[in-house]
Amino acid sequence: MNRLKHAKNKTKVSWISGILIFVLLGVGVASINFMFQFNKEIKEIAQEDMPIMEVITQITIHKLEQTHWFERAMRHAAAGIHRQKNNEENARLFGVAKDEFIKISSKLNEEFDHALRMSVKAQKSAYTEHLKNELVDIEEFLKSMEKEYGEYNKRIVELFSSFENGNIVKAERLINEAEKLDDDFNLRLEAWLMEVDKF
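What you see is a predicted model; the values in this text were computed from it and never measured.

**Thoughts on the overall build of the protein chain**
Summing up its helical and strand segments, the protein chain has five helices and zero strands in all. Listing the helices and strands of the protein chain from first to last along the sequence gives α-α-α-α-α. The 199 residues of the protein chain split such that 32% are buried. Across the protein chain, the fraction of contacts at a sequence separation of at least 24, relative to all contacts at a separation of at least 6, is 77%. Accessible surface for the protein chain amounts to roughly 13,200 Å². Of this, 58% is attributable to carbon and sulfur atoms.

**A few points about the packing of aromatic side chains**
Tallied over the entire structure, the rule returns nine aromatic pairs. When the ring of Phe94 is compared with that of Phe163, the centres are 6.1 Å apart and the planes differ by 65°; the resulting orientation is edge-to-face. Separated by 69 residues along the polypeptide, Phe94 in helix α3 (residues 87-125) and Phe163 in helix α4 (residues 129-165) bring together distant segments of the chain. For the pair Phe94 and Phe163, one class covers both residues: buried. Arranged with centres 6.1 Å apart and planes meeting at 40°, the rings of Tyr149 and Tyr152 form a pair that is tilted. One end of the pair, Tyr149, and the other, Tyr152, are both in helix α4, three residues apart, so they sit about a helical turn from each other.

**Overview of the side chain of Ser119**
In this fold, Ser119 is placed in helix α3. Using a relative accessible area of 0% as the deciding quantity, one classes Ser119 as buried. A polar atom in the side chain of Ser119 sits 3.1 Å from the backbone oxygen of Leu135. Excluding anything up to four places from it in sequence, Ser119 contacts Ile52, Leu135, Ile138 and Glu139.

**Overview of the nonpolar core**
One finds Ile56, Met74 and Leu159 to be the most contacted residues of the largest nonpolar core, which totals 41 residues. At 12 residues, the largest contribution of residues to this core is made by α4. For Met74, the contacting residues outside a window of four places in its chain are Phe94, Leu159, Phe160, Phe163 and Ile175.

**Quick notes on the packing of α3 against α4**
In contact at an axis separation of 10 Å, α3 and α4 are set at 160° when each is read in the N-to-C sense. One element, α3, and the other, α4, form an angle in the roughly antiparallel class. In this structure, α3 crosses over α4, and the sense of that crossing is left-handed. Looking at the contact of α3 with α4 residue by residue, the class counts come to 18 nonpolar, five polar and seven charged.

**Examining the pattern of salt bridges**
Tallying each qualifying case throughout the model produces 10 salt bridges. The salt bridge partner of Glu89 is Arg92, with a shortest N-O separation of 2.9 Å. With Glu89 and Arg92 both in helix α3 and three residues apart, the pair spans about one turn of that helix. Here Glu89 falls in the partly exposed class, since its relative accessible area comes to 34%. What makes Arg92 partly exposed here is its relative accessible area of 46%. With its nearest N and O atoms 3.1 Å apart, the salt bridge here joins Glu177 to Arg173.

**Overview of the side chain of Asn153**
Relative to the helices and strands, Asn153 resides in helix α4. Residue classification places Asn153 among the buried residues on the basis of a relative accessible area of 14%. Here Asn153 is in contact with Gln66, Phe101 and Ser105, once residues within four sequence places are set aside.

Rules of the game
- Residues numbered from 1 in each chain as written.
- Predicted model: local features only at pLDDT ≥ 70, side-chain atom pairs only at ≥ 80, totals over all residues.
- Heavy atoms only, no water.
- Helix = DSSP H or I, 4+ residues; strand = E, 2+ residues; numbered from the N terminus.
- Buried < 20%, exposed > 50% of the residue type's maximum accessible area, 1.4 Å probe, protein only.
- Contact = heavy atoms within 4.5 Å.
- Areas by Shrake-Rupley, 256 points an atom, 1.4 Å probe, with all protein chains shown as cover.
- Phe/Tyr/Trp six-rings, centres within 6.5 Å; stacked < 30°, edge-to-face > 60°.
- Polar contact = N/O pair within 3.5 Å; in protein donor to acceptor, adjacent residues only side chain to side chain.
- Core = buried A, V, L, I, M, F, W, Y, C linked by side-chain atoms within 4.5 Å.
- Axes fitted to C-alpha atoms, helices over the stretch in contact; angles between N-to-C directions.
- Parallel < 35°, antiparallel > 145°, perpendicular 65-115°, else oblique.
- Left-handed = near helix turned anticlockwise from the far one by under 90°.
- Nonpolar A, V, L, I, M, F, W, Y, C, P; charged D, E, K, R; others polar.
- Salt bridge = Lys/Arg side-chain N within 4 Å of Asp/Glu carboxyl O.

The following block contains the structure:
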């Protein structure tokens, strides 16, 4: 240290420049490391989150399509009950709408299972704790929506059966429950997609 006090200004400037270069080198290495971590996170989102979001978007689309078929089935069931048109034609159209509803139910169950498997797989390969927490939230959301969808689907199948068996009183009670479940499910799913869109 004594030596530095007696050194020439040129030597002092060299020492200070060397220290500053060393500090800049450290900052550069830290920045590059941060960029690599950021790059990993972006790739992870592109590889894991985006496909999961695409499946959840498909679930939303198919659920809205299913709602359309449910409403058609109810329209034809009501027309058949009130004999507004040809009963045979209403029964046929009710059957078509019911079959489409059930076909979409199978698709939705497969999509829920697929999205849950993707979420669990993505959690295992998550690089950051933040992303892992996001994926856990997605998994919990999917599990709750799958359970809610199962309840909804059960009510609709019971409703269809009531109409087919001529139990109109029970069918009318189930219609109100099913419509509320359907609206709640769709609103919750759409709100969640809007929230995720902000992420």
